[in-house]
Amino acid sequence: MTDRLLYVRLPCNPIFPIGVVYLADHVHKCFPVIAQRIFDLGTIPPLDFNRALDECIDEFQPTILVFSWRDIQIYAPVGGRGGNPLQNAFEFYYGKNPLVKLRGALGGLKVTSAYYGELWRNLGLIKRGLRRAKRYCSDPQIIVGGGAVSVFYEQLKTKLPTGTIVSVGEGETLLEKYLRGQTIEDERCYVVGRSQPRPRLIHEQPSPMVKTACNYDYIEQIWPAFDYYLQEDDFYLGVQTKRGCPHNCCYCVYTVVEGKQVRINPAAEVVKEMRQLYDRGIRNFWFTDAQFIPARVFIDDVVELLEAIAASGMDDIHWAAYIRADNLTPRLCELMVQTGMNYFEIGITSGSQELVRKMRMGYNLRTVLQNCRDLKGAGFNDLVSVNYSFNVIDETLDTIRQTIAYHRELEAIFGADKVEPAIFFIGLQPHTHLETYALDKEILKPDYDPMSMMPWTAKKLLWNPEPLGSFFGEVCLQAWQQNPNDFGREVMNILEQRLGKADLEAALHSPLPDEKKFPSTMAEGKKLSPI
């Protein structure tokens, strides 16, 4: 029987499924005659999930079902899953008023029930798809991948059907080898019930591949709901310009999922891909790279890309990305403004150089400020989101004051109304340095379940340890009470009211320790082009 591939994106927020699109595009370029279909449950009402999946399988009759699972862990400072998980948790753990604590407990129960309900629902959809496909193929193959699977692949081995291929990280070369009948043993994967995931499987480097522009004429043919993402004028569609991140940030899993080797997509191919979306009416693009400018060695590649965009005639677009602001140059700043960047995120985590160093982030905060001044001077007048994660490692009242001073300087550069502090508390994830730290400090037990949402585990995974955990809990609860619609700014205001702020120079200065406690960030990385 000729292979027929059905890609099922499991339910999640309506975010453009770039991973599934790139998989289908790669397979088509390698095997033009293989029939493919994309089915996105993110565009289907929840009550219709089962019926819609059955109908799709009945119509297409796949031999291979590729499930993409994006979300599992739930910690966030915003709404979702029937409420605000962070607020519910803080009300339950830190609320002093019994009624507030009860509200947090009830909200937390609702969120936890929704979490486990979604987990069981997605596992049920995978098993349902397998059963339905057996009506038309005696031995259909299930492949499961995506962001959630890449992080929790070890925990899912007891939950998925026997014979399921579990893909970690990128899936193009795995799928290509499987379709060619070649061994997949050297790929980042395992087969449920037949093999065990290799130790440190996620830390293995992904297989290199050549990435060319996605063929959206073809994607439109195999994805009936493609127009769903073209209807809203303010919707940002994803385009990837590179893969990999060379850094060692202690809490981040991107660097192991995508690998440390940064692989550049040719600028001409990126622009060709954007042009196809542009011709379909898209004017807003999100560059989905882990970091748009991961290190200074890649600055020339970004300049080349932005110059190609500027020369393309797409002069009415906007774009956004995660950006290492310490890697900007005056020329880059000019090009960013010229090509339509209207939003970017700076993930500095802390405004204290001392803590940035301890978290292995490789940022020079003084350089970030100067580059932000250059960006403002180049004419950037749009929104900047600055990610702060308090209380990660060795936070003190002094480092909090330093972060306040740093944030106020960013406000002085861009304008207070243009700088949005996004307050996160790190959701501890497997395969990170922070997990190793928690195990070494016996905060977590070696046999802990990272997918557990039980209160005694969730509080540790939320990562707001004492002695400052209760203090931050109190501050956040006050911010939600006083100004829930501007939570981040309210947190910063309350912290400054209570603690004051340091001199900016104190925030920017961090003497090196006598002994080197942390390895280098590999911030210059190694350059490999193209993907």
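Residues numbered from 1 in each chain as written. Predicted model: local features only at pLDDT ≥ 70, side-chain atom pairs only at ≥ 80, totals over all residues. Heavy atoms only, no water.

(A) Representation of the packing of helix 14 (residues 397-414) against helix 18 (residues 487-499). Viewed as axis vectors pointing N to C, helix 14 and helix 18 meet at an angle of 125 degrees, and their least axial separation amounts to 10 Å. The orientation of helix 14 relative to helix 18 falls into the category oblique. You can see that helix 14 and helix 18 cross each other, and the crossing is left-handed. Residues L397, I400, R401, T403, I404, H407 and R408 of helix 14 lie in contact with helix 18, whose contacting residues are M492, N493, L495, E496 and L499. When the residues that make up the contact of helix 14 with helix 18 are grouped by side-chain class, the tally is 6 nonpolar, 3 polar and 3 charged. (Axes fitted to C-alpha atoms, helices over the stretch in contact; angles between N-to-C directions. Helix = DSSP H or I, 4+ residues; strand = E, 2+ residues; numbered from the N terminus. Parallel < 35°, antiparallel > 145°, perpendicular 65-115°, else oblique. Left-handed = near helix turned anticlockwise from the far one by under 90°. Contact = heavy atoms within 4.5 Å. Nonpolar A, V, L, I, M, F, W, Y, C, P; charged D, E, K, R; others polar.)

(B) Region of the structure containing the packing of aromatic side chains. Enumeration according to the criterion identifies 30 aromatic pairs in this entry. Look at F16 and W223: their rings are 5.8 Å apart centre to centre, the planes differ by 40 degrees, and that puts the pair in the tilted class. Highlighted residues: F16 in the loop between strand 1 (4-9) and helix 1 (18-30) and W223 in the loop between helix 7 (216-222) and strand 7 (237-239), separated in sequence by 207 residues. Each member of the pair F16 and W223 is classed as buried. Aromatic side chains W223 and F226 sit 5.4 Å apart centroid to centroid with 50 degrees between the ring planes, which places their arrangement in the tilted category. The buried category is assigned to W223, whose relative accessible area is 1%. Members of the aromatic cluster, joined through ring pairs, are F90, F92, Y93, Y94, Y388, F390, F425, F471, F472, W480 and F487. If you follow R4 out to its NZ or CZ, it ends over the ring of F60, 4.3 Å from the centre. Note that R324 overlies the ring of Y363, its terminal NZ or CZ placed 3.9 Å from the centroid. (Phe/Tyr/Trp six-rings, centres within 6.5 Å; stacked < 30°, edge-to-face > 60°. Buried < 20%, exposed > 50% of the residue type's maximum accessible area, 1.4 Å probe, protein only. Lys NZ or Arg CZ within 6 Å of the ring centre and 35° of its normal.)

(C) Up close: the sheet that holds strand 14 (residues 419-424). In spatial order, the strands read 7-10-11-12-13-14; together these 6 strands make up an open sheet with parallel pairing. On the outer flanks of this sheet lie strand 7 and strand 14, each paired with one strand and no other. On average, adjacent strands in this sheet sit at an angle of 25 degrees to one another, irrespective of strand direction. Alignment of strand 11 (residues 318-322) against strand 12 (residues 341-349), held across 4 bridges, turns out to be parallel. Within strand 12, the position partnered with A320 by the bridge is Y343. (Pairing = 2+ DSSP bridges.)

(D) Just the sheet that holds strand 2 (residues 35-40), in detail. Pairing in this open sheet of 6 strands is mixed, and the strands run 2-1-3-4-5-6 from one edge to the other. Lying at the two open borders of the sheet, with one neighbouring strand each, are strand 2 and strand 6 (189-191). Within the sheet, the average angular offset between the axes of one strand and its neighbour, ignoring direction, is 20 degrees. Examined bridge by bridge, strand 1 and strand 3 (residues 64-68) share 5 bridges and lie parallel to one another. Bridged to L5 within strand 3 is I64.

(E) Quick look at the packing of helix 9 (residues 267-278) against helix 10 (residues 299-311). Between helix 9 and helix 10, the least distance of the axes is 9 Å, while the angle of their chain directions is 40 degrees. Taken together, the axis directions place helix 9 and helix 10 in an arrangement best described as oblique. The way helix 9 lies across helix 10 gives a crossing that is right-handed. Residues A267, V270, V271 and M274 of helix 9 touch helix 10, and the partners they reach there are E304, L305, A308 and I309. Its residues assigned to classes, the contact of helix 9 with helix 10 comprises 7 nonpolar, no polar and 1 charged.

(F) Representation of a nonpolar patch on the surface. A contiguous nonpolar patch, built from L99, L102 and L106 and spanning about 330 Å² of accessible area, is present on the exposed surface. Structurally, L99 is set in helix 4 (residues 98-133). (Patch = residues over 30% accessible without salt bridge, like charges linked within 9 Å, V, L, I, M, F, W, Y side chains within 5 Å. Areas by Shrake-Rupley, 256 points an atom, 1.4 Å probe, with all protein chains shown as cover. Salt bridge = Lys/Arg side-chain N within 4 Å of Asp/Glu carboxyl O.)

(G) How the structure looks around empty space enclosed by the protein. For the structure on display, the rule yields 1 cavity of 30 Å³ or more. Its boundaries defined by the atoms lining it, the largest cavity holds a volume of some 40 Å³. Taken together, K211, T212, A213, V239, Q240, N265, E269, V270 and E273 form the lining of the largest cavity. Per-element tally for the lining of the largest cavity: the top contributor is helix 9, with 3 residues. (1 Å grid on protein atoms, 1.4 Å probe; cavity = no way out; pocket = protein on both sides within 12 Å on 5 of 7 lines; lining within 4 Å. Points joined across faces, edges and corners; volume = space filled by probe spheres on them.)

(H) Structural context of helix 13 (residues 365-377). The terminal C-alpha atoms of helix 13, which comprises 13 residues, lie 18 Å apart, in line with the 18 Å expected from a rise of 1.5 Å per residue. When helix 13 is considered as a whole, its buried residues turn out to be L365, V368, L369, N371, C372 and L375. The inward-facing, buried residues of helix 13 abut helix 11 (330-338), strand 12, helix 12 (353-358), helix 14 and helix 19 (504-508). A side-chain oxygen of the first residue of helix 13 lies 3.0 Å from the backbone nitrogen of R366; this N-cap is N364. Two residues or fewer past helix 13, G379 is found with a positive phi of approximately 110 degrees. (Expected span 1.5 Å × (residues − 1). Polar contact = N/O pair within 3.5 Å; in protein donor to acceptor, adjacent residues only side chain to side chain.)

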